[in-house]
Amino acid sequence: HGDRRTCLFSASTTSVTQAYSSIAVTMSALVALFENKHIVDDRDPFVLYDSEELSVEVLLPDVAGYYIQIVVLLLGQIFLSLVLCTITYYGIVKADSTTSGSLLGFGLLLPFALVSPFPL
């Protein structure tokens, strides 16, 4: 029995290590993606019209950075909403007002919904 416990422990340790390493890779990718805060406007103006009396220039959006950040945030919100809706449906709506449904709703989902707009 000792060898089996050691084998199970090492397998679970390996899976936890792999999970932490994948989380670290994901976090480093997100940090690299959101590294540019778009606080300083360093775009070059695109000249539409230029004469001696008048110059018309337009600042085009930084498509490579800003819109990719918006898409990543939107996909993250969609995933979080799907998870919370699934928990709500199966834990509260389908449970038909049981004690566990009330605890799940008022103890987990409602506090999370109140805190989620703010950084934790």
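Residues numbered from 1 in each chain as written. Predicted model: local features only at pLDDT ≥ 70, side-chain atom pairs only at ≥ 80, totals over all residues. Heavy atoms only, no water.

1. A short note on the overall build of the protein chain
As a reminder of what qualifies: Numbering goes from the N terminus for both helices and strands, where a helix is a DSSP run of H or I of at least four residues and a strand is a run of E of at least two. By definition in these notes, contact holds between two residues if any of their heavy atoms fall within 4.5 Å. Only the protein chains shown count as cover for residues, and all accessible areas are computed by the Shrake-Rupley method using a 1.4 Å probe.
Of regular secondary structure, the protein chain possesses three helices and two strands. When contacts within the protein chain are restricted to residue pairs at least 6 apart in sequence, those whose partners lie at least 24 apart make up 34%. Of the roughly 10,300 Å² that the protein chain leaves accessible, carbon and sulfur atoms contribute 68%.

2. Details of the confidence of the model for the protein chain
Put simply, the rule is: Per-residue confidence from the predictor is reported as pLDDT, which spans 0 to 100.
Per-residue confidence for the protein chain gives a mean pLDDT of 76, with 83% of residues at or over 70. Averaged pLDDT values over the elements of the protein chain bottom out at 67 in helix α1 (residues 2-33) and peak at 88 in strand β2 (residues 55-58).

3. Here we look at helix α3 (residues 99-115)
As a reminder of what qualifies: By definition here, a helix of n residues has an expected span of 1.5 Å times n minus one. We define the bend at each residue as the angle formed by axes fitted to the 7 residues ending at it and the 7 residues starting at it. Burial classes: relative accessible area under 20% of the type maximum marks a residue as buried, over 50% as exposed, and values in between as partly exposed (1.4 Å probe, protein chains only).
The end-to-end C-alpha separation of α3 is 23 Å, in line with the 24 Å expected for 17 residues at 1.5 Å each. The largest bend in α3 comes to about 30°, at Leu-109, with the proline Pro-111 one to four residues further on. Here α3 has its buried residues at Gly-101, Gly-105 and Leu-109. Those residues of α3 that are buried are in contact with α2 (63-93).

4. Observations regarding the packing of aromatic side chains
Here is the rule: Any Phe, Tyr or Trp ring, taking Trp's six-membered ring, that has another such ring centre within 6.5 Å forms a pair; planes under 30 degrees apart are called stacked, those over 60 apart edge-to-face, and the others tilted.
A complete count under the given rule lists one aromatic pair for this structure. Judged by centre distance (5.0 Å) and plane angle (80°), the ring pair of Tyr-89 and Tyr-90 falls under edge-to-face. Judged by relative accessible area, which is 54%, Tyr-90 ranks as exposed.

5. A word on the environment of Gly-91
Along the chain, the position of Gly-91 falls in helix α2. Spatially, the C-alpha atoms of Gly-91 and Leu-103 are 9.6 Å apart, while their sequence positions differ by twelve residues. Apart from the residues lying within four places of it in its own chain, the contact partners of Gly-91 are Thr-86, Gly-101 and Leu-104.

6. Some points on α2
The terminal C-alpha atoms of α2 lie 42 Å apart, and with 31 residues this matches the ideal 45 Å at 1.5 Å per residue to within 8%. For α2, the complete set of buried residues consists of Gly-65, Gln-69 and Gly-91.

7. A few points about the pairing of strand β1 (residues 46-50)
Look at any regular strand and the pattern is simple: side chains alternate between the two faces of the sheet. This is how the line gets drawn: In short, DSSP must find at least two bridges between two strands for them to pair.
In this sheet, β2 lies alongside β1 in antiparallel orientation, the contact comprising four bridges. Looking at the pairing, Asp-50 lines up with Ser-55 of β2. Here β1 hands over to β2 after four residues, the two strands then running antiparallel side by side.

8. Details of the packing of α2 against α3
The condition is simple: Note on geometry: axes are C-alpha line fits, over the in-contact stretch for helices, and angles between N-to-C directions span 0 to 180 degrees. Every angle not falling under 35 degrees, over 145, or within 65 to 115 is termed oblique; those three ranges are roughly parallel, roughly antiparallel and roughly perpendicular. Two helices that cross are described as forming a left-handed crossing if the nearer one is turned anticlockwise from the farther one by less than a right angle, and a right-handed crossing if clockwise.
Two elements in contact, α2 and α3, have axes separated by 9 Å at closest approach and are oriented at 160°. When the interaxial angle is binned, α2 and α3 end up roughly antiparallel. With respect to the hand of their crossing, α2 and α3 are arranged in left-handed fashion. For the pair formed by α2 and α3, the contact residues are Leu-80, Leu-84, Ile-87, Thr-88, Gly-91 and Ile-92 on the first element and Gly-101, Leu-104, Gly-105, Leu-109 and Phe-112 on the second.

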